[in-house]
Amino acid sequence: MCHGLIEFLLSSTPLAQLLRKHITFMIVPMLNPDGVFLGNYRTAFCGLDLNRQWANPAEWLVPENYHVKSLIKELADDPWISLDFVIDMHAHSTSMNAFCFVNLVADDSRDISRMQDELTFLRLMSINCKMFSLNSSRICCDPSKLGTGRRELP
């Protein structure tokens with residue numbers, strides 16, 4: 001998925017050119033190369049599931065999460081930058097399409113506006129991408145997902 005996104009964004013298609021003109025994309029192509037090299041899909045070299053280490057990642061234990069979260073927080077706190085989305089892309093062994101997990105967190109009007117933008121993004125994805133499934137996407141605030149990127153990142 002990420003490889004295809006990068007190829008598209010770097011292509012010469014008019015849409016890719018338009019997106020590059022108006023949007024800055026920051027992409028971490030793979031957060032877990034050490035774990036994948038060892039044959040793990042969810043756990044890092046240290047044996048922890050990186051998908052559940054976003055709440056308070058220790059730099060010495062999960063440096064991947066620590067540094068990515070620090071960068072995202074720095075971008076979110078910068079008044080000169082408008083951080084619109086953090087997209088955590090995953091492949092799933094039982095799914096033959098692309099999908100998203102989105103949290104519905106609406107504590108103030110900024111959250112409501114952001115939530116509307118995220119839902120609009122999902123609708124546009126479903127209209128423009130044959131491989132994307134809006135029906136397979138999950139929109140919730142499941143308490144069991146605490147510690148995941150979708151719950152902990154801005």
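Just above sits the structure.
All values reported here derive from a predicted model rather than from experimental measurement.

(A) The arrangement of the overall build of the protein chain in detail. What the protein chain contains, in helices and strands, is six helices and two strands. The globule rule puts the C-alpha radius of gyration for 154 residues at 15 Å, and the 16 Å found for the protein chain is close to it. A burial count over the protein chain gives 24% of its 154 residues as buried. Summing over all exposed atoms, the protein chain offers an accessible surface of approximately 10900 Å²; the carbon and sulfur share of this is 59%.

(B) A look at the packing of helix 1 (residues 2–10) against helix 2 (residues 14–22). At a minimum axis distance of 7 Å, the contact between helix 1 and helix 2 shows a crossing angle of 90°. Considered as vectors, helix 1 and helix 2 are oriented roughly perpendicular to each other. Only Leu15, Ala16, Leu19 and Arg20 of helix 2 make contact with helix 1, whose side of the interface consists of Phe8, Leu9 and Leu10. Considering only residue class, the contact of helix 1 with helix 2 consists of six nonpolar, no polar and one charged.

What counts and how
- Residues numbered from 1 in each chain as written.
- Predicted model: local features only at pLDDT ≥ 70, side-chain atom pairs only at ≥ 80, totals over all residues.
- Heavy atoms only, no water.
- Helix = DSSP H or I, 4+ residues; strand = E, 2+ residues; numbered from the N terminus.
- Rg over C-alpha atoms; globule rule 2.2 N^0.38 Å.
- Buried < 20%, exposed > 50% of the residue type's maximum accessible area, 1.4 Å probe, protein only.
- Areas by Shrake-Rupley, 256 points an atom, 1.4 Å probe, with all protein chains shown as cover.
- Axes fitted to C-alpha atoms, helices over the stretch in contact; angles between N-to-C directions.
- Parallel < 35°, antiparallel > 145°, perpendicular 65-115°, else oblique.
- Contact = heavy atoms within 4.5 Å.
- Nonpolar A, V, L, I, M, F, W, Y, C, P; charged D, E, K, R; others polar.

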